[in-house]
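# Summary of the model geometry
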Amino acid sequence: MCWARSENKRPCLEFSQLNILHSIKDLFSPQMDIVLMMYTRNNPSCAEPLFEQNNSLNVNFNTSKKTVWIIHGYRPMGSTPKWLQNFLKVLLNHEDLNVIVVDWNRGATTFIYNRAVKNIRKVAATLGTYIQILLNHGATLDNFHFIGMSLGAHVSGFVGKIFQGQLGRITGLDPAGPKFSGQPCDLRLDYTDAKFVDVIHSDINGVAFIKCSHQRAVYLFMASLETTCNFISFPCPSHKDFHAGSCVDCDNFKEKSCPRLGYQAELWKDVLKERKEKRFLRTTVFLDTTATKPFCSYYFVLSITVLDNNMKNGYITFKLLNQLGMVEESRVYEKNRSFYQLQEVKILAQFSNDVVNISGIGLGYFQRSNWQCFQYNYNIHRVMVQSLTYPERPPLCIYNFVLKGNEELFLNPSTCTS
């Protein structure tokens, strides 16, 4: 723990400034220390102790407001997490709450990963003691939201177990896998550790709530607060099924549509709880993001109903024209499709740019085999395009037209009549 001077002359707590030398020293003399750094809108850039002398509560802590606990993970180099200051900023900009940074850097800064793993139990036990003091001051478990990165996710889980799953919410951001994957639920973060548990895995090979590339989860979570983008995600049995285009339907989530990644996920708390009580122990959802900040991609569902049965063994192309007449290309999930008379087929498409005012829809159906000597004409009963990223936008339709095989056709849509 370090101290810095604030404008009001009260010393500010600073995150423990450690380095590789501390990891070397830890090989011979292990250290463990936990500091709670409190931020509010009254002190957004100057951390203060959560407790004063004799365990009296800091006057800036409001027991009636939500409290977000941020817990970092394994830090073999001892450096301050690069994301920490911005995380604090976006949280306090978004909502008036208490934020507590759990600095257990002296315990996470070690070359011996197993030692850090053992230390997380000590961190959880200490936090349990502090939380009990907060409860004595009038705070409530339901107002606590733990956000844990890497090993910090499992710290959050162990705290949740101490309080028998009564914490309001736990968010795990890329929870550590080594020593935890495949372990019983009492030895790792589990969906029973809080009233609402959401986990973002950015490692595509992990088993996860949301799939996206490693260590990006914390930045995705922040992006859900920093941008107006809805990070829509799709319930699906597996990542393979998701990329096969088998998981398009958001109707099971009623008027809320599919769940969103990040801070907004708790808006789906009730409907996800309902799913769990029916037959799902947990809901696994997937989405693809862009490679760079703000990471948002835009999903549309293309629904096609045909009038005959000859639209087979081909693949779909789907484009949108924006209000300036510029073409926006899409990535179609599982382009290979066969269509049957009067059976609606839904196709998921991802765009890198949002198309708010759609002036045209480009559609094509191409046969994979080149040996055919004549061209099919396909009778389309209806094409409907709906934004899933922004489901409040009305769908657009095109009715009763002929689509020539192996040609792309652009048509002007209108508001759907039914």
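In this text the structure is predicted, and so the values were computed from the model without any measurement.

Turning our eyes to something else, we now look at the overall build of the chain. The number of helices and strands found in the chain is eight helices and 22 strands. Within the chain, the proportion of its 418 residues that are buried is 53%. Here the chain displays about 19400 Å² of accessible surface, and carbon together with sulfur accounts for 50% of that area.

Across the sheet, six strands lie side by side as E15-E17-E12-E19-E20-E22; this open sheet has antiparallel pairing. Since the sheet does not close on itself, it has two edges, and those belong to strand E15 (331-332) and strand E22 (414-415), each with one partner. With seven bridges connecting them, strand E12 (residues 298-306) and strand E19 (residues 377-387) associate as antiparallel partners. From the neighbouring strand, Val301 faces E19, where its bridge partner is Gln386.

Before going further, it helps to spend a moment on the confidence of the model for the chain. Averaged over all residues, the pLDDT of the chain equals 87, while 90% of them reach at least 70. Segment residues 205-214 is flagged for pLDDT under 50; beyond a separation of four residues in sequence, or across chains, it makes 38 contacts in the model.

Before going further, it helps to examine the packing of aromatic side chains. Tallied over the full model, the rule gives 19 aromatic pairs. An angle of 50° between the planes, with centres 5.2 Å apart, marks the rings of Phe242 and Tyr333 as tilted. Pair noted here: Phe242 is in helix H7 (residues 239-243) and Tyr333 is in the loop between E15 and strand E16 (336-337), with a separation of 91 residues, a long-range link. Just as Phe242 is buried, Tyr333 falls in that class too. Here the aromatic cluster, defined as three or more aromatic residues joined through ring pairs, consists of Phe234, Phe242, Phe286, Tyr299 and Tyr333. The ring of Phe158 has Arg121 sitting right over it, with the charged end atom 3.9 Å from the ring centre. Above the ring of Tyr333, the side-chain terminus of Arg331 is found at 4.7 Å from the ring centroid.

Quick look at the pattern of salt bridges now. Under the criterion given, the structure shown has 15 salt bridges. Between Lys66 and Glu266 there is a salt bridge whose closest N-O contact spans 3.1 Å. With relative accessibility at 17%, the residue Lys66 sits in the buried group. For Glu266, a relative accessible area of 28% translates into the label partly exposed.

Should the sulfur atoms of two cysteines be covalently bonded, the bond is a disulfide. The final tally for this structure, using the stated rule, is four disulfides. Paired by a disulfide, Cys229 and Cys296 hold their sulfur atoms 1.5 Å apart. With the S-S bond torsion at 45°, the cross-link from Cys229 to Cys296 turns out right-handed. Highlighted residues: Cys229 in the loop between helix H6 (217-226) and strand E10 (234-235) and Cys296 in the loop between strand E11 (285-286) and E12, separated in sequence by 67 residues. Given a relative accessible area of 4%, Cys229 falls into the buried group. Assessed through its relative accessible area of 7%, Cys296 is described here as buried. Each sulfur in the disulfide pair Cys397 and Cys416 lies 1.9 Å from the other. One quick way to see it: the torsion about the S-S bond of Cys397 and Cys416 is about 90°, and its sign makes the bridge right-handed.

At a minimum axis distance of 9 Å, the contact between helix H4 (residues 113-136) and helix H5 (residues 151-162) shows a crossing angle of 40°. Considering their axes alone, H4 and H5 lie oblique with respect to each other. As for how H4 packs across H5, the hand of that crossing is right-handed. For the pair H4 and H5, the contacting residues are Tyr113, Ala116, Val117, Ile120, Arg121, Val123, Ala124, Ala125, Leu127, Gly128 and Ile131 in the first and Leu151, His154, Val155, Phe158, Val159 and Ile162 in the second. Residues of the contact of H4 with H5, tallied by class, amount to 14 nonpolar, two polar and one charged.

Counting buried residues in strand E13 (residues 314-321) gives seven out of eight residues, a clear majority hidden from the surface. In this structure, E13 lies alongside strand E18 (residues 360-367), joined through eight bridges in antiparallel fashion. Along E18, the bridge assignment pairs Phe318 with Leu363. Both E13 and strand E14 (residues 327-329) contribute to a ladder of three bridges, which runs antiparallel. In the strand pairing of E14, Leu321 is matched with Val327. Joining the antiparallel neighbours E13 and E14 is a turn of five residues, in which Gly325 adopts a positive phi near 80°.

Next up on the list: H5. Its twelve residues give H5 an end-to-end C-alpha distance of 17 Å, which sits within 8% of 16 Å, the value for a rise of 1.5 Å per residue. H5 sits mainly inside the fold: ten of its twelve residues count as buried. Taken together, the buried positions of H5 are occupied by Leu151, Gly152, Ala153, His154, Val155, Ser156, Gly157, Phe158, Val159 and Gly160. Looking at the buried side of H5, the elements it contacts are strand E5 (67-71), H4, strand E7 (144-149) and strand E8 (169-173). In the stretch just after H5, Gln164 is the one whose phi turns positive, near 55°.

Turning our eyes to something else, we now look at the UniProt feature "active site" (unreviewed entry) in the chain. UniProt feature "active site" (unreviewed entry): in the numbering of this structure it lies at Ser150, Asp174 and His214. In this fold, Asp174 is placed in the loop between E8 and strand E9 (197-200).

What follows deals with the side chain of Glu48. Mapping Glu48 onto the fold places it in strand E4 (residues 48-49). Residue Glu48 is classed as buried on the basis of its relative accessible area of 6%. Looking at Glu48, its side chain comes within polar contact range of the side chain of Asn60, at 3.1 Å. The residues contacting Glu48, other than those within four sequence positions of it, are Arg10, Leu13, Leu36, Met37, Met38, Asn43, Asn58 and Asn60.

What counts and how
Residues numbered from 1 in each chain as written. Predicted model: local features only at pLDDT ≥ 70, side-chain atom pairs only at ≥ 80, totals over all residues. Heavy atoms only, no water. Helix = DSSP H or I, 4+ residues; strand = E, 2+ residues; numbered from the N terminus. Buried < 20%, exposed > 50% of the residue type's maximum accessible area, 1.4 Å probe, protein only. Areas by Shrake-Rupley, 256 points an atom, 1.4 Å probe, with all protein chains shown as cover. Pairing = 2+ DSSP bridges. pLDDT = per-residue confidence, 0-100. Contact = heavy atoms within 4.5 Å. Phe/Tyr/Trp six-rings, centres within 6.5 Å; stacked < 30°, edge-to-face > 60°. Lys NZ or Arg CZ within 6 Å of the ring centre and 35° of its normal. Salt bridge = Lys/Arg side-chain N within 4 Å of Asp/Glu carboxyl O. Disulfide = S-S within 2.5 Å. Axes fitted to C-alpha atoms, helices over the stretch in contact; angles between N-to-C directions. Parallel < 35°, antiparallel > 145°, perpendicular 65-115°, else oblique. Left-handed = near helix turned anticlockwise from the far one by under 90°. Nonpolar A, V, L, I, M, F, W, Y, C, P; charged D, E, K, R; others polar. Expected span 1.5 Å × (residues − 1). UniProt positions renumbered as here; feature names shortened; annotations may be inferred. Polar contact = N/O pair within 3.5 Å; in protein donor to acceptor, adjacent residues only side chain to side chain.

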